[in-house]
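# Structural overview
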Amino acid sequence: MLRRAARALRLGKERYLRGHDLEGNSFYERPGEDPNDWRQTKRTIEYVIARPLGDYQFNSIPAQWNGWLRKTRKEPPTMEELQQDYQRMQKLQTNVERLRHDYEMEKFRLAEGNRQDLRIGNEGIKKGVEENVHQRREGTKDIVAAGRGEEEKVVDPADSQRGDGEVEVGDRILAEKSRKAAETEREMAQKRREEFAKQVASKPRGNPSDSFQPDAWAPTAAKQR
């Protein structure tokens, strides 16, 4: 009877049951040194199915009980809270699956559109290349036809009647004119140099102040009083 009273009042060193999760696991709490400080209590879990020590993980239990074991919350979760969270997780998982399916369908649609655009683009490129080759062939044919139908150049009768002697006389006249023009240019350059030399010789050398001479000054002795 005393043990039951101690458990009811959460006194002593005996552990007491605080609740269960949806899988049937049991959660216990043992009082600490200070009964009023809930952070000093020792909280444990007993799995309904025995597992190896390495298989026990905190993500295998609900987040509410996980927080209670880590002492981030004071009171343990209720069954209503656990059921609401379970329904929320199921709904979230359904939405995730639906979004993943929509994403895969959209990805497939875009891939099909890209393949179709690529096929159309390749056909357009092929058609453009064929048209370019055809135009080049037609242009080559026109050039060949124009070359075959080109008339020979007609020689000027006046040029053909001129003799070699007349050509030589004309060349000598042009050479004489060029020589006279060069001599005239040299004479004009010589005249410009002579005029410049005369102008330089007529200017006085030195600074303008060199010709200034101050008046003579001689100190006089001071008069005696």
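Residues numbered from 1 in each chain as written. Predicted model: local features only at pLDDT ≥ 70, side-chain atom pairs only at ≥ 80, totals over all residues. Heavy atoms only, no water.

An unreviewed UniProt entry lists the protein chain under the name NADH dehydrogenase [ubiquinone] 1 alpha subcomplex subunit, from Microbotryum lychnidis-dioicae. For the protein chain, the Sequence similarities (unreviewed entry) comment in UniProt is given as "Belongs to the complex I NDUFA12 subunit family." (UniProt positions renumbered as here; feature names shortened; annotations may be inferred.)

Bringing the packing of aromatic side chains into the picture now. Scanning all chains against the criterion turns up three aromatic pairs. Between Phe27 and Trp65 the ring centres are 3.9 Å apart and the planes differ by 0 degrees, which places this aromatic pair in the stacked class. On the criterion of sequence distance, the pair formed by Phe27 in strand β2 (residues 26–30) and Trp65 in helix α2 (residues 63–69) is long-range, its members being 38 residues apart. Judged by its relative accessible area of 0%, Phe27 falls in the buried class. Residue Trp65 is classed as buried on the basis of its relative accessible area, which comes to 0%. Geometrically, the ring pair formed by Trp65 and Trp68 is edge-to-face, given 5.3 Å between the ring centres and 85 degrees between the ring planes. Of the two residues, Trp65 and Trp68 are both situated in helix α2; the distance of three residues between them amounts to about one turn of the helix. (Phe/Tyr/Trp six-rings, centres within 6.5 Å; stacked < 30°, edge-to-face > 60°. Helix = DSSP H or I, 4+ residues; strand = E, 2+ residues; numbered from the N terminus. Buried < 20%, exposed > 50% of the residue type's maximum accessible area, 1.4 Å probe, protein only.)

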